[in-house]
Amino acid sequence: EIAGLAAMLGCRRVQLHGDITAGEVRRLKNSDPGLFLIKSLVVRPGNLDELAGIAGDLGPLVDAFITDTWDPKTGASGATGKTHDWDKSRRIVESAAKPVILAGGLTPENVGRAILQVRPAGVDAHTGVEGADGMKNPALIRAFVEESRRAFALLKWNESAS
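No experiment lies behind these values; they were computed from the predicted model shown. Per chain, residues are indexed from 1 in the order of the written sequence. Totals for whole chains, interfaces and linings use every residue, but because this is a predicted model, local features are given only for residues with pLDDT of at least 70 and side-chain atom pairs only at 80 or more, for both listing and counting. As a rule here, side-chain values cover all heavy atoms of the structure and leave hydrogens and water aside.

Enquirer: Would you mind going over the sheet that holds strand 2 (residues 36–43) in detail, with residue names and values included?
Expert: Here, strands pair whenever DSSP counts at least two bridges between them. Only DSSP runs of H or I with at least four residues qualify as helices, and only runs of E with at least two residues qualify as strands; both kinds are numbered from the N terminus onward. Read across the open sheet, the five strands follow the order 1-2-3-4-5; overall the sheet is parallel. Two strands close off the open sheet at either side, each with one partner strand: strand 1 (13–16) and strand 5 (122–123). Pairing of strand 2 with strand 3 (residues 64–69), which is carried by six bridges, proceeds in the parallel orientation. Note that in strand 3 the partner of I38 across the bridge is A64.

Enquirer: Lay out the side chain of K88 with the relevant residues and their values.
Expert: Within the element layout of this structure, K88 appears in helix 4 (residues 86–95). This buried residue, K88, is left without a salt bridge; D85 holds the nearest opposite charge, at 5.0 Å. Among the polar contacts listed, one links the side chain of K88 to the backbone oxygen of R44, at a separation of 3.3 Å. A contact between two residues is defined here by any heavy atoms of the two lying within 4.5 Å. Ignoring any residue separated from it by four or fewer positions in sequence, one finds K88 in contact with V43, R44, P45, G46 and L48. Each residue's exposure class comes from its accessible area (1.4 Å probe, protein chains only) as a fraction of the maximum for that residue type: buried when under 20%, exposed when over 50%, partly exposed otherwise. In this tally Asp and Glu are treated as negative and Lys and Arg as positive; neither His nor the chain ends contributes. We count a salt bridge whenever a side-chain nitrogen from Lys or Arg sits within 4 Å of a carboxyl oxygen from Asp or Glu. In protein, a polar contact means a hydrogen-donor-capable atom and an acceptor-capable atom, both N or O and within 3.5 Å, with residues adjacent in sequence counting only if both atoms are side-chain atoms; elsewhere, any N or O pair within 3.5 Å suffices.

Enquirer: Describe unusual backbone geometry, and please don't skip the residues or the numbers.
Expert: In this structure, R119 is a non-glycine residue whose phi angle is positive, near 60°. Position of R119 relative to the elements: it lies in the loop between helix 5 (111–118) and strand 5. R119 sits in the partly exposed class, given a relative accessible area of 32%.

Enquirer: Can you tell me about helix 4, naming the residues and giving the values?
Expert: For helix 4, the full list of buried residues reads W86, K88, S89 and I92. Considered in projection along helix 4, the buried side chains sweep an arc of 155° and stay on one side of the axis. Facing away from the buried surface of helix 4 by more than 90 degrees, the exposed residues are E94 and S95. Contacts made by the buried residues of helix 4 are with strand 2, helix 3 (48–58), strand 3, strand 4 (100–102) and helix 5. Of the residues that open helix 4, the one with a side-chain oxygen 2.9 Å from the backbone nitrogen of D87 is D85. Directions drawn from the helix axis to the C-beta atoms are what define this arc.

Enquirer: Give a description of the nonpolar core that names residues and reports values.
Expert: Side chains of nonpolar character tend, in soluble globular proteins, to be buried together. Nine residue types can take part in a nonpolar core, namely buried Ala, Val, Leu, Ile, Met, Phe, Trp, Tyr and Cys, and a core is a set of them joined through side-chain atoms within 4.5 Å. Of all hydrophobic cores here, the largest spans 20 residues; its most connected members are V25, L37, F65 and I92. Taken together, the elements giving at least two residues each to this core come down to helix 1 (2–9), strand 1, helix 2 (22–31), strand 2 and helix 3. No other element matches helix 3, which puts four residues into this core. Ignoring any residue separated from it by four or fewer positions in sequence, one finds V25 in contact with L16, I20, L37, L58, L61 and V62.

Enquirer: Describe the environment of P60, listing the residues and the values that go with them.
Expert: For P60, the location among the structural elements is in the loop between helix 3 and strand 3. Along the chain, P60 and A6 lie 54 residues apart, while their C-alpha atoms are 21 Å from each other.

Enquirer: Account for helix 2, with residues named and values stated.
Expert: For helix 2, the set of buried residues is V25, L28 and K29. Buried residues along helix 2 cover an arc of 95° about the axis, so they all sit on one side. Of the exposed residues in helix 2, those oriented more than 90 degrees away from the buried face are R27 and N30. If you follow the buried residues of helix 2, they end up packed against helix 1, strand 1, strand 2 and helix 3.

Enquirer: How would you explain the pattern of salt bridges if you had to name every residue and give the values?
Expert: Inspection of the entire model under this criterion finds five salt bridges. A salt bridge links D63 to K29; the nearest nitrogen and oxygen atoms lie 2.9 Å apart. Note that D63 is positioned in the loop between helix 3 and strand 3 and K29 in helix 2, a separation of 34 residues in sequence.

Functional significance is not addressed by these values, which are geometric in nature.
See the structure below:
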């Protein structure tokens, strides 16, 4: 169903959220080998070993991972507008066999610090670039992109200087 929907929409990249087995991911990849698959890893207290296991099991089958945040008050897994322990995401980045995108409560104000601490392959924002009306705010998006570019350039410069 995912491959069919992606084909109908002309979408070539899909984020997989929630529980999914390696067998299900393998079937999806076999049904459309060119589909770029990103698996979410939702950070919550005490689940770093579990996330490492998921990354190990699904690493050969997906193209990237995206970390996000669990909200203990609502039970939501992602799109919470909350940050998580970036040290956990950094450890995932260091151990995962695939690129890791950082998400979870990122805003123009904190994305630079997050990039420098976590060293992800990319960043993702949702609620952190919305205005009070809940709509995406062009000024916040521009500020987020500018700060992200600045931090990634600084990372690249630091790595080349080492």
